[in-house]
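Read off the chains here:
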Amino acid sequence: MKAQSIKSRFAKYVSLNVIGMVGISLYILADTFFISKALGALGITALNFNIAVYSILHGTGLMIGIGGASRYSIFKGLKKYSDADSTLMNSLFLGAVASLIFLITGILFSTDISLLLGADDETLAYSEVYMCTILCFSPCFILNNIISAFVRNDGAPGICTIAMIAGNITNIILDYIFIFPMNMGMYGAVLATGFSPIVSMSILAVHLRKNPESLRLSRFIPSMHKMLSLMKLGLSAFISELSSAVSVIAFNFIMLEIGGNIAVASYGIVANTALVASAIFTGVSQGVQPIASSEYGNDNKPALSKIAKYSVITTFCISAVVILSVFFFAEGIASFFNGDGDKNLEALAVNGLRMYFTGFAFAGLNIVISSFFSSVDMPGKAFVSSFLRSSALLVPIVIALSLAFGINGTWLSFAVTEFIALVATFINLRRSGYLGKTHSAL
């Protein structure tokens, strides 16, 4: 395969998936904006208690979707079409089981989980309403992630992007209608978010109807072996989201201890803005995945080396733009979400944005490279990168730095964690052999 064809495919898939993933991240960002205007700092605080749950829900969908779609593309490359069809069906089955677990959890345990995550008398009512509703919509979120991943790997990244953008626009419009004219408060915000993946799936269904022989729904027997196999390939995506969840939980408790609900609200602004940055890099990783899995199935090692280098260079450039943008526009971002005009909240958020976002000099590379490992059937290396970013390093580092340097140490713990994880990630990338010389035939 020629270099230009690899480069053009890389640019097409990455750009379309970045746009789409930013659209998904704006689900929560739109909620943050409208909730800040309607409910103030307490609303943002309550929303922030739910980010961890949403990250785990989203990560589950990504794990099944990316893992299943990666395995699907590998089987397609090997011309094992019956195994590819079976992978699709087992992915959908596993998604249904996971959705049921989330659904039951939301109905029975939303209050308990809200209290566990730090909600108090002022924020509990808001938090439990959001959590119960978002978990009741879990089948929509998980199924949307799975279908999106398979449609993308079926050669239709464009329609995935359109579907994601349409879902985001729906969310924004319904947010405004439900929160203000209909005066539904927090319930209106989460209800708007829950309807968004339904719109996305309706658009993705167009591809499924036009290509019934490509992504085929067929009879199958659930296979634990196949489900574990696809989960193994998608595990790094789940752990990346788990890292975000662990980060949010740890930060929330420390912020509560340092400055109460107003400190948690400032972190809410930072965390929700960080969701957009994380989504950009997740978009890069999702764009890389179908190309890398396909070339891996074809045993095209020179192409994979080229893809790895493109991934590193692209991610590095995006990281620089993200960090500089947040540094120079931190005041505007904080003011945008400061519905009460609280000067203390704004000052905390501005400082937090600038310090926290230095971590994206390293986080983007960790996200993209670990996804590349999964795409080429190296789940062990993917797991190491993702695990180091989660509780293995983050919790002890954030506790130590917060005790030593207070709130500034808390903000910087994200960067320290990601840097240490990146060292291990690059060692594994070098050892994989995909960052070496590529052939001129590319």
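Placed above this text is the structure.
This report concerns the structure included in the present document.

Parameters and conventions
- Residues numbered from 1 in each chain as written.
- Predicted model: local features only at pLDDT ≥ 70, side-chain atom pairs only at ≥ 80, totals over all residues.
- Heavy atoms only, no water.
- Helix = DSSP H or I, 4+ residues; strand = E, 2+ residues; numbered from the N terminus.
- Rg over C-alpha atoms; globule rule 2.2 N^0.38 Å.
- Buried < 20%, exposed > 50% of the residue type's maximum accessible area, 1.4 Å probe, protein only.
- Core = buried A, V, L, I, M, F, W, Y, C linked by side-chain atoms within 4.5 Å.
- Contact = heavy atoms within 4.5 Å.
- Phe/Tyr/Trp six-rings, centres within 6.5 Å; stacked < 30°, edge-to-face > 60°.
- Lys NZ or Arg CZ within 6 Å of the ring centre and 35° of its normal.
- Polar contact = N/O pair within 3.5 Å; in protein donor to acceptor, adjacent residues only side chain to side chain.
- Salt bridge = Lys/Arg side-chain N within 4 Å of Asp/Glu carboxyl O.
- Axes fitted to C-alpha atoms, helices over the stretch in contact; angles between N-to-C directions.
- Parallel < 35°, antiparallel > 145°, perpendicular 65-115°, else oblique.
- Left-handed = near helix turned anticlockwise from the far one by under 90°.
- Bend = angle between axes of the 7 residues up to and from the residue.

## Quick notes on the overall build of the protein
- When helices and strands are tallied, the protein shows twelve helices and zero strands.
- What you see in the protein, going N to C, is helices and strands ordered as α-α-α-α-α-α-α-α-α-α-α-α.
- Taking 22 Å as the expected radius of gyration for a compact globule of 442 residues, we find that the protein reaches 21 Å, a close match to that expectation.
- Overall size of the protein, expressed as C-alpha extent along the three principal axes, is 60 × 45 × 35 Å.
- Considering the protein as a whole, with its 442 residues, one finds that 59% of them fall into the buried category.

## As for the nonpolar core
- Of all hydrophobic cores here, the largest spans 74 residues; its most connected members are Tyr267, Tyr356, Phe357, Phe360, Phe372 and Trp411.
- Among the secondary structure elements, those contributing two or more residues to this core are helix 1 (3–77), helix 7 (224–297), helix 8 (301–336), helix 9 (343–356), helix 10 (360–375) and helix 12 (394–432).
- The residues touching Trp411, leaving out its near neighbours within four places in the chain, are Phe251, Met255, Ser266, Tyr267, Val270, Leu348, Asn351, Gly352, Met355 and Tyr356.
- By size, the runner-up hydrophobic cluster in this structure holds 50 residues, among which are Leu47, Met131, Leu174 and Met227.

## Some words on the environment of Ile399
- Its location among the elements puts Ile399 in helix 12.
- The class of Ile399 is partly exposed, set by a relative accessible area of 41%.
- For Ile399 and Gly409, which are ten residues apart along the polypeptide, the C-alpha to C-alpha distance reads 8.8 Å.

## Here we look at unusual backbone geometry
- One non-glycine residue, Lys79, lies in the positive phi region at around 65°.
- With respect to the element layout, Lys79 can be found in the loop between helix 1 and helix 2 (81–116).
- Relative accessible area serves as the criterion here: at 59%, Lys79 is assigned to the exposed category.
- The phi dihedral of Asp299 falls on the positive side, at around 60°, and the residue is not glycine.
- With respect to the element layout, Asp299 can be found in the loop between helix 7 and helix 8.

## Looking at the packing of aromatic side chains
- A complete count under the given rule lists 24 aromatic pairs for this structure.
- Residues Phe34 and Tyr176 carry aromatic rings whose centres are separated by 6.5 Å and whose planes lie at 55° to one another, so their mutual orientation is tilted. Of this pair, Phe34 sits in helix 1 while Tyr176 sits in helix 5 (residues 157–179), and the two are 142 residues apart along the sequence.
- On the basis of relative accessible area, Tyr176 is assigned to the partly exposed category, the value being 45%.
- Within the aromatic cluster, the residues linked to one another by ring pairs are Phe251, Tyr267, Phe281, Tyr356, Phe357, Phe360, Trp411 and Phe414.
- Cation over ring: Arg354 sits above Phe327, and NZ or CZ is 5.0 Å from the ring centre.

## Focus: the side chain of Ser196
- Looking at the secondary structure, you find Ser196 in helix 6 (residues 185–210).
- For Ser196, the side chain forms a polar contact with the main-chain oxygen of Gly167, separated by 3.0 Å.

## Comments concerning the pattern of salt bridges
- The full count for this structure, using the stated rule, is four salt bridges.
- Put simply, Lys226 and Asp83 hold a salt bridge, and the shortest N to O gap is 3.9 Å. Taken together, the residues Lys226 in helix 7 and Asp83 in helix 2 connect sequence positions 143 residues apart.
- Under the relative-accessibility criterion, Lys226 is labelled partly exposed at 29%.
- Classification of Asp83 as partly exposed rests on a relative accessible area of 24%.
- The salt bridge partner of Glu331 is Arg354, with a shortest N-O separation of 2.8 Å.

## Here we look at the packing of helix 3 (residues 124–136) against helix 6
- Put simply, helix 3 and helix 6 touch, their axes get as near as 9 Å, and they point 20° apart. In terms of orientation, helix 3 lies roughly parallel with respect to helix 6. In the crossing of helix 3 with helix 6, the sense of the turn from one axis to the other is right-handed. Residues Tyr126, Val129, Tyr130, Thr133 and Ile134 of helix 3 touch helix 6, and the partners they reach there are Met186, Tyr187, Val190 and Thr193.

## Here we look at helix 2
- Most pronounced at Phe109, the bend in helix 2 amounts to some 80°.
- Gly118 lies just past helix 2 and shows a positive phi near 115°.

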